[in-house]
Amino acid sequence: MQTPDTRTLKILYFAWLRERTRVAEEEVSVPGSVASVGALIEWLSARSPGHRAAFANRRTVRCAVNQDFADLATPLASGDEVAFFPPVTGG
Amino acid sequence: MQTPDTRTLKILYFAWLRERTRVAEEEVSVPGSVASVGALIEWLSARSPGHRAAFANRRTVRCAVNQDFADLATPLASGDEVAFFPPVTGG
Amino acid sequence: MATIRVQEADFDIGAEFAALTAGRSDIGGIGCFVGTVRDHAGGRRIEAMTLEHYPAMTGPALGRIVAEAERRWSLLGCTVIHRVGRLRPGENIVLVLAAAPHRQAALDAAGFLIDFLKTRAPFWKKETFAETGEEAWVEAREGDDAAAARWQSG
Amino acid sequence: MATIRVQEADFDIGAEFAALTAGRSDIGGIGCFVGTVRDHAGGRRIEAMTLEHYPAMTGPALGRIVAEAERRWSLLGCTVIHRVGRLRPGENIVLVLAAAPHRQAALDAAGFLIDFLKTRAPFWKKETFAETGEEAWVEAREGDDAAAARWQSG
């Protein structure tokens, strides 16, 4: 059950972040203290050795919240879709 | 008969210079003193009122000698092909 | 007046020019860039290039890039098509077209679109090397960020 | 590895891309510009655009422009096709393609080729106005010289 003190988030991983976490998409309930992208990365890093490896070098990790680029300070709300990926290399 | 003191030149006119001179191409024998593009323009200007009109505003006239851009000081030799035209407007 | 597509299939460059200009006579120039898969990278031979993207974000991200180009230049239309999936050397990856009344706007807008697409659209490339079958994600180039940053002052 | 043509007939953009890239997998990008006839100029409606050139000089002049582009960038091929004769609004005038290992060279070379073509190749345009049938030679734009001059420092 979700309490007012937890947030439900949909997390997506792309490229080598997906290969390290070994999951493309997961739904997580995080405590109220996990209120920003930066705090979410800390929290996710503790989920598995793969997650820890994925977030080991923060400078190579980019983030989008609800399909828009975000940074460590971006606040999170319940229901948000949060995606983690390397710097983009299209074109 | 061409003497050592005259030059035979092939003159071409394009765009509105052709429309003013009323000739696309003409062969001329010029005296030895007409040794540069600048002198040639003076000489051609006296050929007809149309030629005079064509060369009236020198700043809008461009020149090529043997298919390469030239200027007033470019020297002339017998057999040269000399073309006069406005600034180019292709592309 | 913008066409934005992400697809596995190849695109037909001539058909995209025709679609952009069909029935129009107010266009003075079309700037264009086509990106293709090279057969080598860092001195190693490439067997294939695999492109993945973030589908829910790609459309909005490309839409924002096109809207920014339309804000900066008087465009009469533009086209952005990006392929995903496994591509072989020589195959097309991306097509950008920008139509404008004058050539400089058309060329600048096409350059802007590809620079921003390379740094702001959620695509990732993985190279498969020919000799070993080894795979490696392409790393973002600092030069790409610098190219996109040039437009900030504009 | 350059295709240079002056012709009355239209060109097929897709076919020219295909010819430039056929059988190659060392190309990373192709920059392109297509110029088209606009239906108005200086607020007046255009019925037709007539292009004349200096045939004996056009080939050498375009060859010099292409050689200069090849000197400045590592090009893997380029194409310059310019139409002459009487063209209607909406019709193609000129096609420039530049293929290179990397996108910036391809885009810069395409921009260079069209800027230099506009100021160094012996073509002249005459516009026929729709209302009166009056004809006027297009005057060279100072902006074109400025665009070409940008490359002098490069």
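Preceding this section is the structure that the text describes.
Quick summary incoming for the structure in this document.

Reading the values: rules and limits
Residues numbered from 1 in each chain as written. Chains lettered and ligands numbered in written order. Predicted model: local features only at pLDDT ≥ 70, side-chain atom pairs only at ≥ 80, totals over all residues. Heavy atoms only, no water. Least-squares fit on C-alpha atoms with pLDDT ≥ 70 in both. Contact = heavy atoms within 4.5 Å. Axes fitted to C-alpha atoms, helices over the stretch in contact; angles between N-to-C directions. Helix = DSSP H or I, 4+ residues; strand = E, 2+ residues; numbered from the N terminus. Parallel < 35°, antiparallel > 145°, perpendicular 65-115°, else oblique. Buried area = accessible area lost by both parts, 1.4 Å probe. Salt bridge = Lys/Arg side-chain N within 4 Å of Asp/Glu carboxyl O. Polar contact = N/O pair within 3.5 Å; in protein donor to acceptor, adjacent residues only side chain to side chain. Nonpolar A, V, L, I, M, F, W, Y, C, P; charged D, E, K, R; others polar. Phe/Tyr/Trp six-rings, centres within 6.5 Å; stacked < 30°, edge-to-face > 60°. Buried < 20%, exposed > 50% of the residue type's maximum accessible area, 1.4 Å probe, protein only.

## Notes on the relation of the copies chain C and chain D
Here's step 1: Of the two same-sequence chains, chain C is brought onto chain D (RMSD 0.0 Å, axial shift 0.0 Å) by a rotation of 180 degrees. Read as a symmetry element, the transformation amounts to a two-fold axis. Every residue of chain C has its C-alpha some distance from the rotation axis, and the shortest such distance is that of Gly-14 of chain C, at 2.0 Å.
Here's step 2: A share of 100% of interface residues in chain C that are also interface residues in chain D marks the association as one of identical surfaces.

## Topic: the packing of helix H3 (residues 103-120) of chain C against helix H3 (residues 103-120) of chain D
Here's step 1: Axis separation between H3 of chain C and H3 of chain D bottoms out at 11 Å; the angle between their running directions is 180 degrees. Judged on the interaxial angle alone, H3 of chain D and H3 of chain C are roughly antiparallel. Each of Arg-103, Gln-104, Leu-107, Gly-111, Ile-114, Asp-115 and Lys-118 of chain C in H3 of chain C lies in contact with H3 of chain D, whose residues at this interface are Arg-103, Gln-104, Leu-107, Gly-111, Ile-114, Asp-115 and Lys-118 of chain D.

## As for the interface of chain D and chain B
Many descriptions give the size of an interface as the accessible area lost when the pieces come together.
Here's step 1: The partner chain B presents 19 residues to the 24 residues of chain D that form the contact.
Here's step 2: Summed over both sides, the interface of chain D with chain B buries roughly 1800 Å², with 60% coming from carbon and sulfur.
Here's step 3: When residues of chain D are sorted by the area they lose upon contact with chain B, Tyr-54, Trp-124 and Trp-137 of chain D head the list and together hold 37% of the total.
Here's step 4: Between Arg-64 of chain D and Asp-68 of chain B there is a salt bridge, with the nearest N and O atoms lying 3.5 Å from each other.
Here's step 5: Seen at the junction of chain D and chain B, the total is 13 residue pairs in polar contact (both at pLDDT 80 or more).
Here's step 6: Secondary structure elements with two or more residues in the side of chain D that touches chain B: strand E4 (44-53), helix H2 (55-72), strand E7 (92-100), H3 and strand E8 (123-129) of chain D.
Here's step 7: The element that contributes the greatest number of residues to the side of chain D that touches chain B is H3 of chain D, accounting for five residues.
Here's step 8: Class assignment for the residues of the side of chain D that touches chain B results in 14 nonpolar, three polar and seven charged.

## Regarding the packing of aromatic side chains
Here's step 1: What the rule picks out here adds up to 25 aromatic pairs over all chains.
Here's step 2: Between Phe-69 of chain B and Phe-85 of chain B the ring centres are 6.2 Å apart and the planes differ by 80 degrees, which places this aromatic pair in the edge-to-face class. Placement of Phe-69 of chain B in strand E4 (residues 68-70) and of Phe-85 of chain B in strand E5 (residues 81-85) is noted, with a sequence separation of 16 residues between them.
Here's step 3: Where Phe-112 of chain D meets Trp-151 of chain D, the ring centres are 5.6 Å apart and the plane angle is 85 degrees; that geometry is what we call edge-to-face. With Phe-112 of chain D in helix H3 and Trp-151 of chain D in the segment after helix H4 (142-149), the pair connects residues that are 39 residues apart, well separated along the chain. Each member of the pair Phe-112 of chain D and Trp-151 of chain D is classed as buried.
Here's step 4: Site record: aromatic cluster; members linked through ring pairs are Phe-14, Phe-69 and Phe-85 of chain A together with Tyr-54 and Trp-124 of chain C.

## Comments concerning the interface of chain C and chain D
Here's step 1: Each partner contributes residues to the interface: chain C has 36 residues there, and chain D has 36 residues.
Here's step 2: When chain C packs against chain D, close to 2600 Å² is buried across both sides, 53% of that on carbon and sulfur atoms.
Here's step 3: Its largest share of buried area at the contact with chain D, chain C owes to Ser-25, Arg-38 and Arg-103 of chain C, together 25% of the area lost on that side.
Here's step 4: At the surface where chain C touches chain D, the tally comes to four salt bridges.
Here's step 5: Among the salt bridges present, the one from Asp-144 of chain C reaches Arg-103 of chain D, with a minimum N-O distance of 3.0 Å.
Here's step 6: Counting every contact that joins chain C to chain D gives 15 residue pairs in polar contact (both at pLDDT 80 or more).

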